Amino acid sequence: MDIKIPKKPWYMRYRKYIAGGAVLAALMIYALVLQLGPRTLKVKIANEQIATVAEGDFLEYIDVNGMVVPSISIRVNAKEGGTVERICCHNGDVLKRGDTILVLSNPRVLEEMAAERQNYDLQQMQHRRQLIEMQQRSITLRSQALQANFELKQMAQNYELAEEEARMGVRSKAQLQVARDEYDYNRQRTLLNIENLHQDSVLNVIGRQLIEQQMAMEAQKLDNSNRRGSALVVVAPTDGQIGNLNTSIGVQVSAGEQIGEIGVLTDFKVTARLNEYYIDRVQSGLSATAEQKGRRYAFEVSRTTPQVQEHSFAVELRPVASLQESPLRPGQTLRLQIELGKPERRLIIPRGNFYAQTSGQWVMLVDKTGRCARRVPIKLGRQNTAHYEVVDGLRAGDRILISGYDAFGDAEIVKW
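Conventions we followed
Residues numbered from 1 in each chain as written. Predicted model: local features only at pLDDT ≥ 70, side-chain atom pairs only at ≥ 80, totals over all residues. Heavy atoms only, no water. Helix = DSSP H or I, 4+ residues; strand = E, 2+ residues; numbered from the N terminus. Rg over C-alpha atoms; globule rule 2.2 N^0.38 Å. Contact = heavy atoms within 4.5 Å. Areas by Shrake-Rupley, 256 points an atom, 1.4 Å probe, with all protein chains shown as cover. Lys, Arg positive; Asp, Glu negative; His and termini not counted. Charge placed at Lys NZ, Arg CZ, Asp CG, Glu CD. Phe/Tyr/Trp six-rings, centres within 6.5 Å; stacked < 30°, edge-to-face > 60°. Lys NZ or Arg CZ within 6 Å of the ring centre and 35° of its normal. pLDDT = per-residue confidence, 0-100. Pairing = 2+ DSSP bridges. Axes fitted to C-alpha atoms, helices over the stretch in contact; angles between N-to-C directions. Disulfide = S-S within 2.5 Å. Buried < 20%, exposed > 50% of the residue type's maximum accessible area, 1.4 Å probe, protein only. Core = buried A, V, L, I, M, F, W, Y, C linked by side-chain atoms within 4.5 Å. Salt bridge = Lys/Arg side-chain N within 4 Å of Asp/Glu carboxyl O.

Some thoughts on the overall build of the chain
For the chain, the count of helices and strands is five helices and 22 strands. Its C-alpha atoms give the chain a radius of gyration of 53 Å, more than 25% over the compact-globule value 22 Å for 416 residues. Across its three principal directions, the C-alpha atoms of the chain cover 230 × 50 × 35 Å. In the chain, once contacts between residues fewer than 6 apart in sequence are set aside, the share between residues at least 24 apart is 78%. Accessible area of the chain: about 27,300 Å², with a carbon and sulfur share of 52%. The distance from the centre of the 54 positive side-chain charges to the centre of the 48 negative ones in the chain is 17 Å.

As for the packing of aromatic side chains
Applying the stated rule across the entire model yields six aromatic pairs. Ring pairing ties together the aromatic residues Phe354, Tyr355, Trp362, Tyr388, Tyr405 and Phe408, which thus form one cluster. Against the face of Trp362 rests Arg375, its NZ or CZ located 3.9 Å from the ring centre.

Things to note about the side chain of Glu389
Secondary-structure assignment places Glu389 in strand β20 (residues 387-392). Non-local contacts of Glu389, meaning those with residues more than four positions away in its chain, are made with Phe58, Arg346, Leu347, Lys379, Leu380, Gly381 and Arg382.

Some details on the confidence of the model for the chain
When pLDDT is averaged along the chain, the result is 81, and 91% of the positions lie at 70 or above. When the elements of the chain are averaged for pLDDT, helix α1 (residues 10-13) gives the smallest value, 57, and strand β14 (residues 312-319) the largest, 92.

As for the sheet that holds strand β21 (residues 399-401)
Spatial strand order, β1-β22-β18-β17-β21-β2: six strands in an open sheet with mixed pairing. This sheet does not close on itself; its edge strands, each paired only once, are β1 (40-42) and β2 (50-52). Neighbouring strand axes in the sheet, compared pairwise and without regard to direction, differ in orientation by 35° on average. Sheet topology places β1 next to strand β22 (residues 413-415); three bridges connect them, and they run parallel. Note that in β22 the partner of Leu41 across the bridge is Val414.

Brief notes about the state of the cysteines
Summed over all chains, the structure comprises zero disulfides. Its sulfur unpaired, Cys88 is 7.0 Å from the next cysteine sulfur, which belongs to Cys89. The class for Cys88 is partly exposed, based on a relative accessible area of 36%. On the basis of relative accessibility, which here comes to 3%, the residue Cys89 falls in the buried class.

What to know about the nonpolar core
Residues Leu401 and Val414 are the most contacted members of the largest nonpolar core, which totals 25 residues. Listed by contribution, the elements that provide at least two residues to this core are β17 (362-366), β18 (372-377), β20 and β21. With four residues, β17 is the single largest residue contributor to this core. Setting aside chain neighbours within four positions, we find Leu401 in contact with Ile45, Gln49, Ile50, Phe354, Met364, Val366, Ala373, Phe408, Val414 and Trp416.

Some points on the environment of Gly250
Residue placement: Gly250 occurs in the loop between β9 (240-243) and β10 (252-253). Not counting chain neighbours up to four residues away, the residues in contact with Gly250 comprise Thr83 and Val84.

A look at the pattern of salt bridges
Enumeration according to the criterion identifies 14 salt bridges in this entry. Among the salt bridges present, the one from Arg108 reaches Glu112, with a minimum N-O distance of 3.0 Å. Taken together, the positions of Arg108 and Glu112, both in helix α3 (residues 107-168) and four residues apart, correspond to about one turn of that helix. The class of Arg108 is partly exposed, set by a relative accessible area of 46%. Judged by relative accessible area, Glu112 falls into the partly exposed class, the value being 33%. Members of the salt-bridge network, linked through shared partners, are Glu60, Arg281, Glu344, Arg346, Arg382 and Glu389.

Re the sheet that holds strand β19 (residues 379-383)
Strand pairing in a sheet relies on backbone hydrogen bonds, with the paired strands running either antiparallel or parallel. Pairing is antiparallel across the open sheet formed by four strands, whose spatial order is β3-β16-β20-β19. Each of the sheet's edge strands pairs with one partner strand only, and the pair in question is β3 (54-58) and β19. Ignoring strand direction, the axes of neighbouring strands in this sheet form an average angle of 60°. When strand β16 (residues 344-350) meets β20, the two strands line up antiparallel, connected through three bridges. Within β20, the residue paired with Ile349 across the bridge is Tyr388.

Thoughts on the environment of Leu122
You can see Leu122 is positioned in helix α3. Taking the relative accessible area as the measure of exposure, Leu122 reaches 45% and is therefore partly exposed. Measuring from C-alpha to C-alpha, the distance between Leu122 and Arg227 comes to 20 Å, with 105 residues separating the pair along the chain.

Remarks on unusual backbone geometry
For Asn244, which is not glycine, the phi dihedral falls at a positive 55°. Relative to the helices and strands, Asn244 resides in the loop between β9 and β10. The exposure class of Asn244 is partly exposed, given its relative accessible area of 47%. With a phi close to 55°, Ser359 is a non-glycine residue in the positive phi region. As for its position among the elements, Ser359 is in the loop between α5 (354-358) and β17.

This is how it looks when you write it as structure tokens:
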């Protein structure tokens, strides 16, 4: 007897195909979920790569290299032109006032000095002859004045004798009158001669003074000529360290040309160049610090130069305490931190390599479990060499990855 076999449902006949399709659909859905969901990457993270967001004192400052230079520098110029014959020191040598820096040769100056000396000797001979002549004339004038006074005295005595004879009756009144007239005439003439001799004597004295003045002027001219010879030897104008001595033997130097610079070593300052971005923020009076070989030095901005060259401007800083007794020396480089204000309470995070990839627009925020981190957007503000200021996106106590994100690729979640 035949048994009726019931007809199988259609899905049973195609169950293999349905199962395969379901698996394929599940795989496609899984792939779609992975594609649309956050990208996850498993990495190795060290503890030192994780930092905590904290509220602390944030001080904005500029980190820049500065050079120690003398506070006072004196230019050394050649007072006389010539050819460099000998160089007696080198850049960096410490000199005393009067030490020879270099020696110049100038045959023309030496010839002019010899001619000036010869002219001086000739003028001195002429002046001495004139002085001798005036001295002789002075003797003659004194002798003539002595003779005139003697004659005047004799005339007075003769007239007194005539008066005495007239009283005695030996001489008549007419004779006495003649003697009086003769005495008055001779007296007036002698007085005029004495006055003339006096004037000649005054002129003689004035002439001698003029000659002496001319002799002094000739001596001054000779001294100036000798100084020209001395100027061929360039010496240090003060105690200090020689620098910028850029010359060599045989080089022609012009009169007034700068040949070097003396840095006075009694005190120092620091010079630095800052980016033009800070030109409106750096002003005189700002504080700065530097550390060298375990010692900390305090400085103050003393002067800023408004001229911008190659996108930077110059500043000068003076030490709060004298650096004369410090181990710092001219030419030494210091790493300066110029403070741009006072410390402020802000959210801060340590500087890290993450900034190179994110430009401060996002970070990897570690979750509460401490086993993974998720990308979150943030906003950073000011920065210094140690910290970034957090403006938005993070809270105090949050932990972030501060290492470089190169290995993360496009992953939005990293696990370890």
